[in-house]
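Structure assessment
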Amino acid sequence: DIYVALAWAVGGVFLPLFYYFFSFNFFLYFIFIFIFLRWIINTVFFDLKDIESDKKERLLTFPVKFGEKKTLQFLHIINIISFLPLFFGAFLEIIPFYSLGLVILYFYSFYYLKKAVEIDPKSLRQFSYVMVDGEYIFWPMVLFLTKPL
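Residues numbered from 1 in each chain as written. Predicted model: local features only at pLDDT ≥ 70, side-chain atom pairs only at ≥ 80, totals over all residues. Heavy atoms only, no water.

1. A look at the nonpolar core
As a reminder, the rule being used: To define a nonpolar core, start from buried Ala, Val, Leu, Ile, Met, Phe, Trp, Tyr and Cys residues and group those joined through side-chain atoms within 4.5 Å. The buried label applies to any residue whose accessible area, calculated with a 1.4 Å probe on protein chains only, is under 20% of its type's maximum; exposed applies above 50%, and partly exposed to all values in between. Numbering of helices and strands starts at the N terminus; helices are DSSP runs of H or I of at least 4 residues and strands are runs of E of at least 2.
In terms of nonpolar packing, the biggest core is built from 42 residues, with Ile35, Phe45, Leu86 and Tyr112 touching the most fellow members. Within the residue set of this core, elements represented by two or more residues are α1 (2-20), α2 (26-48), α4 (62-81), α5 (84-91), α6 (104-118) and α7 (121-146). It is α2 that provides the largest number of residues to this core, a total of 15 residues.

2. Remarks on α2
What counts here: The span you would expect from a helix comes to 1.5 Å times its residue count less one.
The terminal C-alpha atoms of α2 lie 34 Å apart, and with 23 residues this matches the ideal 33 Å at 1.5 Å per residue to within 8%. Counting buried positions along α2 gives 19 out of 23 residues, so the element sits mostly inside the fold.

3. Comments concerning the packing of aromatic side chains
Put simply, the rule reads: Planes of paired rings set the category: under 30 degrees apart is stacked, over 60 is edge-to-face and the rest tilted, where pairs are Phe, Tyr or Trp rings (Trp by its six-membered ring) whose centres lie within 6.5 Å.
All told, the structure shown has 15 aromatic pairs when counted by the stated rule. Seen from their ring centres, Phe45 and Phe127 are 6.4 Å apart, and the 50 degrees between their planes marks the pair as tilted. Residue Phe45 is located in helix α2, and its partner Phe127 is located in helix α7; the two are separated by 82 residues in the primary sequence. Each member of the pair, Phe45 as well as Phe127, is classed as buried.

If you want it as structure tokens, here you go:
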């Protein structure tokens, strides 16, 4: 999970940096941490649907090792913590203030984390693809709507 989240965060933040030859700055570090934590939620959540098969294959995913309840509690905590880089970055005026509009995604994630308990395991796969991966579609829309003219 950490490897996948790290790969997506590096790919989303640092690869464009190298492509366009931008210099490193604190803005990138704050965004990297935010994206990394959001992807941790995504990858661990996706492991919930495969608990039984992962147990049979003896894979030590977070849900296999700690169970569904503790995994969801962990994801709720990461959901809160993931927005701290945005708050600190905006407070330090490193990240634009309108980026705090992404905090609305906390409620979006809170919804699907709560809903995961109610859904049967077969429906959880479809739910994961639509709701969890669908979060990233909202990022540019939220930023566009919260950016001052």
